[in-house]
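The lines below spell out each chain.
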Amino acid sequence: MDGAIERGAAYQANRIHSNLRKLFNWCMERGIVDVSPVMGTKPPTREQARDRVLTDDEIGKLLRVCAEDAYPFRQFVPLLLATAQRRGEVSQMKWSQVDLDAKQWVIPAELSKNGKPHVVPLNDFALRLLAEIPRFAGGECDWVFTTTRRSPISGFSKALRHIHAQSETSEWRFHDLRRTAASGMARAGIAPHVVEKVLNHISGTISGVAAVYNRYGYDAERREALDKWGMFLGEISRLQTPA
């Protein structure tokens, strides 16, 4: 943890603390250790919730840079924006989870953060990105984003630094694209509870007793929300295309 702090990775130090706490609590439950060495310690850094949202101009610059890039980040980064899903979920997307005819992608329960399958409607902007992606012959590779054919992509930090430099934007992370998409849908008049359904949040506007009894999936509303957002991205993307 001290090493992480020294190299400026304060939040990573907190993740180390959290993982150690879980590990030693498990060891105590199993009788492997009598006392957790993490007991009584606090996370080394006080975290602040991020509120970074990209401006329309920054979105345009980002899309322009990605359009000039190569697979996989050429499609991967705009797809983060288009779907409003998590980096880990999009990076581990498989073709077997995507139904192009139904225009949807099903994130399996084991990959979803809340442990439940999540259906993501695919707007036209997302479908155009997927149509660009090479499909490996023979069907031996199911990963949508891969450079090895055996595992999903990595190298996110390097890709982010490249996009920052080329787009002349800064101080944003890939997760901020999810917040940007949510803010964009809200700005387009999409109700907060629908945006939360798009994000697959299990708490928020509909919580408590309402969450127990309201099992409506808002499928049509989620599709409308992402379609509106996709049209917005498409328009910005066209504005970035040289005449």
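Everything here concerns the structure above.
Cut-offs used in this document
- Residues numbered from 1 in each chain as written.
- Predicted model: local features only at pLDDT ≥ 70, side-chain atom pairs only at ≥ 80, totals over all residues.
- Heavy atoms only, no water.
- Helix = DSSP H or I, 4+ residues; strand = E, 2+ residues; numbered from the N terminus.
- Contact = heavy atoms within 4.5 Å.
- Areas by Shrake-Rupley, 256 points an atom, 1.4 Å probe, with all protein chains shown as cover.
- Lys, Arg positive; Asp, Glu negative; His and termini not counted.
- Charge placed at Lys NZ, Arg CZ, Asp CG, Glu CD.
- Phe/Tyr/Trp six-rings, centres within 6.5 Å; stacked < 30°, edge-to-face > 60°.
- Buried < 20%, exposed > 50% of the residue type's maximum accessible area, 1.4 Å probe, protein only.
- 1 Å grid on protein atoms, 1.4 Å probe; cavity = no way out; pocket = protein on both sides within 12 Å on 5 of 7 lines; lining within 4 Å.
- Points joined across faces, edges and corners; volume = space filled by probe spheres on them.
- Nonpolar A, V, L, I, M, F, W, Y, C, P; charged D, E, K, R; others polar.
- Pairing = 2+ DSSP bridges.
- Patch = residues over 30% accessible without salt bridge, like charges linked within 9 Å, V, L, I, M, F, W, Y side chains within 5 Å.
- Salt bridge = Lys/Arg side-chain N within 4 Å of Asp/Glu carboxyl O.
- Axes fitted to C-alpha atoms, helices over the stretch in contact; angles between N-to-C directions.
- Parallel < 35°, antiparallel > 145°, perpendicular 65-115°, else oblique.

*Asks:* Which residues make up the overall build of the protein, and what are the values?
*Replies:* Looking only at helices and strands, one finds 11 helices and three strands in the protein. The secondary structure elements of the protein, listed N-terminal to C-terminal, are α-α-α-α-α-β-β-β-α-α-α-α-α-α. Dimensions of the protein, computed from the C-alpha atoms along their principal axes, are close to 65 × 45 × 40 Å. Here the contacts in the protein between residues at least 6 apart in sequence split such that 61% fall between residues at least 24 apart. As displayed, the protein offers around 14000 Å² of accessible surface, 52% of which is attributable to carbon and sulfur atoms. Averaged over its 34 positive side-chain charges, the protein has a centre that lies 3 Å from the centre of its 28 negative ones.

*Asks:* For the packing of aromatic side chains, give the residues involved together with the corresponding values.
*Replies:* Tallied over the full model, the rule gives nine aromatic pairs. For the pair F76 and F156, a centre-to-centre distance of 5.7 Å together with 40 degrees between the ring planes defines the contact as tilted. Separated by 80 residues along the polypeptide, F76 in helix 4 (residues 73-83) and F156 in helix 7 (residues 156-167) bring together distant segments of the chain. Overall, F76 belongs to the buried group, its relative accessible area being 0%. On the numbers, 6.3 Å between centres and 80 degrees between planes, the contact of F76 with F174 is edge-to-face. With F76 in helix 4 and F174 in helix 8 (residues 174-187), this residue pair connects regions lying 98 residues apart in the sequence.

*Asks:* So, the layout of surface pockets: which residues are in play, and what are the values?
*Replies:* Within this model, the largest pocket holds a volume of roughly 730 Å³. Taken together, 21 residues line the largest pocket, and the ones lying closest to its centre are R50, R87, R173, F174 and H175. Elements with a contribution of two residues or more to the lining of the largest pocket: helix 2 (10-29), helix 5 (87-91), helix 7 and helix 8. Among the elements that make up the lining of the largest pocket, the one with the highest residue count is helix 8 (five residues). The residue makeup of the lining of the largest pocket, split by class, is seven nonpolar, four polar and 10 charged.

*Asks:* Run through the sheet that holds strand 2 (residues 104-107), naming residues and quoting values.
*Replies:* If you trace the three strands from one edge of the open sheet to the other, you get 1-2-3, paired in antiparallel fashion. What marks the edges here is a single partner per strand, and that holds for strand 1 (98-99) and strand 3 (118-121).

*Asks:* So what about a nonpolar patch on the surface? Which residues, and what values?
*Replies:* On the surface, a nonpolar cluster with roughly 450 Å² of combined accessible area is contributed by M1, L20, L23, W26 and I32. Locating W26 in the fold gives a position in helix 2. Exposure remark for W26: the relative accessible area of 41% places this residue in the partly exposed category.

*Asks:* Describe the pairing of strand 2, naming the residues involved and giving the relevant values.
*Replies:* Judged by which residues are buried, strand 2 turns out to be one-sided: W105 and I107 face inward and are buried, whereas Q104 and V106, on the alternate face, are not. The antiparallel hairpin formed by strand 1 and strand 2 contains four residues in its connecting segment, where K103 sits at a positive phi of about 55 degrees.

*Asks:* Please give an account of the packing of helix 3 (residues 56-67) against helix 11 (residues 219-239) that cites residues and values.
*Replies:* Axis separation between helix 3 and helix 11 bottoms out at 9 Å; the angle between their running directions is 70 degrees. In this view, helix 3 runs roughly perpendicular relative to helix 11, as classed from their interaxial angle. Contacts from D56, I59, G60 and L63 in helix 3 reach W229, F232, L233, I236 and S237 in helix 11. Taken together, the residues that form the contact of helix 3 with helix 11 break down as six nonpolar, two polar and one charged.

*Asks:* So what's going on with the pattern of salt bridges? Which residues, and what values?
*Replies:* Counted under the stated rule, the structure contains 11 salt bridges. Residue D57 pairs with K61 through a salt bridge whose shortest N-O separation is 3.4 Å. Taken together, the residues span about one helical turn, with D57 and K61 both in helix 3 at a distance of four residues. According to the relative accessible area criterion, D57 is partly exposed, its value standing at 46%. On the basis of relative accessible area, K61 is assigned to the partly exposed category, the value being 25%.

*Asks:* Run through empty space enclosed by the protein, naming residues and quoting values.
*Replies:* Tallying each qualifying case throughout the model produces one cavity of 30 Å³ or more. The computed volume of the largest cavity comes to approximately 30 Å³. The leading source of residues in the lining of the largest cavity is helix 8, at four residues. The residue makeup of the lining of the largest cavity, split by class, is three nonpolar, two polar and three charged.

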